[in-house]
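Structural overview for review
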Amino acid sequence: MSEHAAVELSPEAIEFAEWLTTGQNPPSELDAARIQAEQVHLAAREPEGVTYREVDAGGVLGIWCEPVDANTDYVLLHTHAGGSVLASAHVDRKLAGHIAKAAGAPVLVLDFRRAPEHTAQVDDAEAAFNWLLSEGYEPGNIITIGHSIGGFIAVALALRLRDKKQPLPGAIVSISPWCDLEIANETIATNAETDKILSKDLLEFFRESWIGGTGIEFTDTRINLNRADLSGLPPTLVSWGTYEVLAGEDEEFAARVKDAGIDTATVVVPGGQHSYVYGAGRIPETDAAIAQIGAWVREKTKI
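An account of the accompanying structure is given in this report.

Scoring rules and cut-offs
- Residues numbered from 1 in each chain as written.
- Predicted model: local features only at pLDDT ≥ 70, side-chain atom pairs only at ≥ 80, totals over all residues.
- Heavy atoms only, no water.
- Helix = DSSP H or I, 4+ residues; strand = E, 2+ residues; numbered from the N terminus.
- Rg over C-alpha atoms; globule rule 2.2 N^0.38 Å.
- Buried < 20%, exposed > 50% of the residue type's maximum accessible area, 1.4 Å probe, protein only.
- Contact = heavy atoms within 4.5 Å.
- Areas by Shrake-Rupley, 256 points an atom, 1.4 Å probe, with all protein chains shown as cover.
- Lys, Arg positive; Asp, Glu negative; His and termini not counted.
- Charge placed at Lys NZ, Arg CZ, Asp CG, Glu CD.
- Salt bridge = Lys/Arg side-chain N within 4 Å of Asp/Glu carboxyl O.
- Polar contact = N/O pair within 3.5 Å; in protein donor to acceptor, adjacent residues only side chain to side chain.
- Phe/Tyr/Trp six-rings, centres within 6.5 Å; stacked < 30°, edge-to-face > 60°.
- Pairing = 2+ DSSP bridges.
- Axes fitted to C-alpha atoms, helices over the stretch in contact; angles between N-to-C directions.
- Core = buried A, V, L, I, M, F, W, Y, C linked by side-chain atoms within 4.5 Å.
- Expected span 1.5 Å × (residues − 1).
- Parallel < 35°, antiparallel > 145°, perpendicular 65-115°, else oblique.
- Left-handed = near helix turned anticlockwise from the far one by under 90°.
- Nonpolar A, V, L, I, M, F, W, Y, C, P; charged D, E, K, R; others polar.

1. Describing the overall build of the chain
A tally of regular secondary structure across the chain gives nine helices and eight strands. The C-alpha atoms of the chain give a radius of gyration of 19 Å, which matches the 19 Å a tight globule of 303 residues would have. Classification of the 303 residues of the chain by burial places 51% in the buried group. When contacts within the chain are restricted to residue pairs at least 6 apart in sequence, long-range pairs at least 24 apart make up 79% of them. Looking at the chain as shown, the accessible area adds up to about 14,100 Å², and 51% of this sits on carbon and sulfur atoms. Taken as two groups, the 23 positive and 45 negative side-chain charges of the chain have centres that lie 5 Å from each other.

2. Regarding the side chain of Asp 180
Here Asp 180 lies in the loop between β6 (171-175) and α6 (187-190). Within the buried set, Asp 180 has no salt-bridge partner at all; the shortest N-O distance to an opposite charge, 5.7 Å, is to Arg 227. Within polar-contact distance, the side chain of Asp 180 engages the side chain of Asn 224 at 3.1 Å. Excluding its chain neighbours within four sequence positions, the residues that come into contact with Asp 180 are Asn 185, Asn 224, Asn 226 and Glu 249.

3. Points about the packing of aromatic side chains
The full count for this structure, using the stated rule, is four aromatic pairs. Geometrically, the ring pair formed by Phe 152 and Trp 210 is edge-to-face, given 5.4 Å between the ring centres and 80° between the ring planes. Pair noted here: Phe 152 is in helix α5 (residues 149-163) and Trp 210 is in helix α7 (residues 200-211), with a separation of 58 residues, a long-range link. Note on accessibility: Phe 152 and Trp 210 belong to one class, buried.

4. Notes on the pattern of salt bridges
By the definition in use, this model includes ten salt bridges. Between Arg 113 and Asp 124 there is a salt bridge; the shortest N-O distance is 2.7 Å. One end of the pair, Arg 113, is in the loop between β4 (107-110) and α4 (121-134); the other, Asp 124, is in helix α4, with eleven residues separating them in the sequence. Exposure remark for Arg 113: the relative accessible area of 39% places this residue in the partly exposed category. A relative accessible area of 5% means that Asp 124 is categorised as buried. For Asp 163, the salt bridge is made with Arg 162, and the minimal N-O distance between the two is 2.9 Å. A relative accessible area of 54% places Asp 163 in the exposed class. Taken together, the salt bridges that share partners define one network made up of Asp 123, Glu 126, Arg 160 and Lys 164.

5. Observations concerning the pairing of strand β1 (residues 50-56)
Note on strand geometry: in a regular strand, side chains alternate between the two faces of the sheet. Bridge analysis of β1 against strand β2 (residues 61-67) gives seven bridges, and the strand direction is antiparallel. What sits directly across from Arg 53, in β2, is Trp 64. As consecutive antiparallel partners, β1 and β2 are separated by four residues, and within that stretch Gly 58 has a phi angle of approximately 70°, a positive value.

6. Some points on the sheet that holds β1
Read from one edge to the other, the open sheet built from eight strands follows the order β1-β2-β4-β3-β5-β6-β7-β8, with strand pairing classed as mixed. Every other strand in the sheet has two partners, leaving β1 and β8 (264-269) as the edge strands with one partner each. On average, each strand axis in the sheet is tilted by 20° relative to the strand beside it, whichever way the strands run. In terms of strand pairing, strand β5 (residues 142-147) meets β6 through five bridges, oriented parallel. The residue bridging Ile 145 from the neighbouring strand is Val 173, located in β6.

7. Details of the nonpolar core
Residues Leu 77, Leu 108, Leu 132, Phe 152, Trp 178 and Trp 210 are the most contacted members of the largest nonpolar core, which totals 54 residues. Where this core is concerned, the elements lending two or more residues are β3 (75-79), β4, α4, α5, α7, β7 (236-241) and α8 (247-259). Examining the composition of this core, we find that ten residues originate from one element, α5, more than from any other. Those residues in contact with Leu 132 that sit more than four places away from it in its chain are Trp 64, Val 75, Leu 77, Leu 108, Tyr 137 and Ile 142.

8. Looking at α5
Here α5 contains 15 residues, and its C-alpha end-to-end distance of 21 Å stays within 8% of the 21 Å for a straight helix at 1.5 Å per residue. For α5, the buried fraction is high: twelve of the 15 residues fall into the buried class. Turning to α5, its buried residues are Ile 149, Gly 150, Gly 151, Phe 152, Ile 153, Ala 154, Val 155, Ala 156, Leu 157, Ala 158, Leu 159 and Leu 161. Where the residues of α5 are buried, they touch β3, α4, β5, β6, α7 and α8. With its phi angle positive at about 60°, Lys 165 sits one or two positions after the end of α5.

9. Here we look at the packing of α4 against α5
Their axes nearest at 9 Å, the elements α4 and α5 cross at an angle of 70°. One element, α4, and the other, α5, form an angle in the roughly perpendicular class. Relative to α5, the crossing made by α4 is right-handed. For the pair α4 and α5, contact is made by Gln 121, Val 122, Asp 123, Ala 125, Glu 126 and Phe 129 and by Phe 152, Ile 153, Ala 156, Leu 157, Arg 160 and Leu 161, respectively. Looking at side-chain class alone, the contact of α4 with α5 contains eight nonpolar, one polar and three charged residues.

So yeah, pure geometry; function would need other evidence.
Rendered as structure tokens:
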């Protein structure tokens, strides 16, 4: 049998072939954790009537999740969970589709760069926000939303824009946010047995991966929402599950937002796990909370 004739392959074909070989090598511990985290999307049910497409959002990969009859004058800019280290836009695609249907507007899920390789998560969110502006979206028609580290990013982006005296998003939805990098709230210990996702050890691993070696203090207001000045934020909804180790700091954060004079709402899920939105389409408590979040977004932005 003759050998295959030489073929000039596209750069994409070469990259694809190299990607296929990665599964033949034993992964590192971090790679293995990332591979496992990608399976979390299986917890959510595929939403009906939602289309998906990938896009370059200002140099950041994004996945558009667009329901039938969505109001495309608005967009929810979504950042995923994973402590800055794990997960991806693909993990959140389905749950974001459910949120998009509840809000009546498309969701753009960002695949921001991850730690420890990068510490540019908020930079990537800002780049995508500016890209949306360049695409013709009014800043008030952009809602920043996310869960866990993504819930932090949704707020941190608005704070950065405020400090730069730039236009702010029309609203913020922060779900199960990581607010306190001191990892000191009492529910870190008291909810240790009920939270099936997060633990103090895992949070410490995420923290070291994210800011280890940077010289940034755990109390730095750039990374600690419960130390930050929250004045001037747009309407903000904070949501968490009562079984989370982050429940205490999330409750504190919501109170601080309200005390700052911000139009504040909370959605508290009894017995809810950290990042309970992973159960979208399968867990009644999750679907009820997403319906409340969607109704609030519609009310505040007039979608």
